Amino acid sequence: MAKFLGPQDIYKELVEDVPENENWLLGLVAFAVVEEQKIEWIKHQLENNGAIPTSDEIEKWYAQLPQGALIRAKDTAQSRLTDYGQSSIDEYVSEFRKEIEEGLIVSEIRESKKFWPQFGVNLAGGFASSVLITALLTSLAFMLFNDTSESELASKLKHKLEVNAHGEERSNK
């Protein structure tokens, strides 16, 4: 059984000489747990004896500290770190969920404000495409029902021009 002479021995045991499979943070919190126990003992001595223990009495407290106290301190430290980690994760998830919900609500409000202008643009585009298709279909129907070829169209145009030219000459006479 190791005999501890002071906080430096406890620190060395819990933090510095920690095995590779253990986390030094756990040892550091365990050290804080042991020191918290020492402070509680000092407060108890002050309340019951009316004076703070001397440095010799504090050294005796460290010397009488069993190895099991360090194991219990590690267990307490692990429990506290686990609780702290879980509460941190819960807080983060809660804030993240809140940000997502607020983001969705804000985006839905923005989308609803964009609806009417976009509806107008879509309506105008639909009307313009209807007019364009109607004009295209009308000209196609005109060409199909009149069965005019380019040569026929050119000869009719030439004939009209000749008639107009002759008609104007007769009216000038």
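Because the structure is predicted, anything quoted here is derived from the model rather than measured.

Rules behind the numbers
- Residues numbered from 1 in each chain as written.
- Predicted model: local features only at pLDDT ≥ 70, side-chain atom pairs only at ≥ 80, totals over all residues.
- Heavy atoms only, no water.
- Salt bridge = Lys/Arg side-chain N within 4 Å of Asp/Glu carboxyl O.
- Helix = DSSP H or I, 4+ residues; strand = E, 2+ residues; numbered from the N terminus.
- Buried < 20%, exposed > 50% of the residue type's maximum accessible area, 1.4 Å probe, protein only.
- Expected span 1.5 Å × (residues − 1).
- Patch = residues over 30% accessible without salt bridge, like charges linked within 9 Å, V, L, I, M, F, W, Y side chains within 5 Å.
- Areas by Shrake-Rupley, 256 points an atom, 1.4 Å probe, with all protein chains shown as cover.
- Lys, Arg positive; Asp, Glu negative; His and termini not counted.
- Charge placed at Lys NZ, Arg CZ, Asp CG, Glu CD.
- Core = buried A, V, L, I, M, F, W, Y, C linked by side-chain atoms within 4.5 Å.
- Contact = heavy atoms within 4.5 Å.
- Arc of directions from axis to C-beta.
- Axes fitted to C-alpha atoms, helices over the stretch in contact; angles between N-to-C directions.
- Parallel < 35°, antiparallel > 145°, perpendicular 65-115°, else oblique.
- Left-handed = near helix turned anticlockwise from the far one by under 90°.
- Nonpolar A, V, L, I, M, F, W, Y, C, P; charged D, E, K, R; others polar.
- Phe/Tyr/Trp six-rings, centres within 6.5 Å; stacked < 30°, edge-to-face > 60°.

**Considerations on the pattern of salt bridges**
Enumeration according to the criterion identifies 3 salt bridges in this entry. Here Glu36 ties to Arg80 by a salt bridge, and the two come within 3.2 Å at their closest N and O atoms. Here the residue Glu36 occupies a position in helix α2 (residues 24–49), and Arg80 occupies one in helix α4 (residues 67–146), the gap between them amounting to 44 residues. Given the relative accessible area of 37%, Glu36 is considered partly exposed.

**Structural notes on α2**
For an α-helix the count is 3.6 residues per turn, leaving residues at separations of three or four pointing the same way. When the terminal C-alpha atoms of α2 are compared, their 37 Å separation across 26 residues agrees well with the 38 Å that a helix rising 1.5 Å per residue should span. The complete set of buried residues in α2 reads Leu26, Gly27, Ala30, Phe31, Val33, Val34, Glu35, Lys38, Ile42 and Gln45. Backbone geometry just downstream of α2 places Gly50 in the positive-phi region, at approximately 80°.

**Thoughts on a negative patch on the surface**
A surface patch of negative charge is lined by Glu91, Glu95, Glu99, Glu101 and Glu102. Structurally, Glu99 is set in helix α4. Glu99 sits in the exposed class, given a relative accessible area of 55%.

**Focus on the nonpolar core**
Counting 18 residues, the largest nonpolar core has Ile10, Leu14, Val34, Leu65 and Leu70 as the members making the most contacts within it. Secondary structure elements with two or more residues in this core: α1 (7–16), α2, α3 (55–63) and α4. Among the elements that make up this core, the one with the highest residue count is α2 (6 residues). Not counting residues within four places of it along the chain, the set of residues in contact with Leu65 comprises Phe4, Ile10 and Val34.

**What to know about α1**
Every buried residue of α1 is accounted for by Ile10, Leu14 and Val15. Projected down its long axis, α1 carries its buried residues within an arc of 95°, all on one side. What points out from α1, more than 90 degrees from its buried face, is the exposed set Gln8 and Glu16.

**Thoughts on the packing of α2 against α3**
Where α2 contacts α3, the axes come no closer than 12 Å and their chain directions differ by 135°. It follows from the interaxial angle that α2 and α3 lie oblique. With respect to the hand of their crossing, α2 and α3 are arranged in right-handed fashion. Across the interface between the two elements, Val34, Glu35, Gln37, Lys38, Trp41 and Ile42 from α2 touch Glu57, Ile58, Trp61 and Tyr62 from α3. Its residues assigned to classes, the contact of α2 with α3 shows 6 nonpolar, 1 polar and 3 charged.

**Topic: a nonpolar patch on the surface**
A contiguous nonpolar patch, built from Ile89, Tyr92, Val93, Phe96, Ile100 and Leu104 and spanning about 580 Å² of accessible area, is present on the exposed surface. Positionally, Val93 belongs in helix α4. For Val93, a relative accessible area of 34% gives the class partly exposed.

**As for the side chain of Lys38**
One can find Lys38 in helix α2. Those residues within four positions of Lys38 in sequence are excluded, and the remaining contacts are Ile58, Trp61 and Tyr62.

**Re the packing of aromatic side chains**
The description of an aromatic ring pair rests on the distance of the ring centres and on the angle between the ring planes. For the structure on display, the rule yields 4 aromatic pairs. An angle of 85° between the planes, with centres 5.4 Å apart, marks the rings of Tyr11 and Phe31 as edge-to-face. Of this pair, Tyr11 sits in helix α1 while Phe31 sits in helix α2; the two residues are 20 residues apart in sequence, bridging distant segments of the chain. On the basis of relative accessibility, which here comes to 30%, the residue Tyr11 falls in the partly exposed class. Classification of Phe31 by relative accessible area gives buried; the value is 17%. An angle of 15° between the planes, with centres 6.0 Å apart, marks the rings of Tyr92 and Phe96 as stacked. Pair noted here: Tyr92 and Phe96 are both in helix α4, with a separation of 4 residues, about one helical turn. Residue Phe96 is classed as partly exposed on the basis of its relative accessible area, which comes to 43%.

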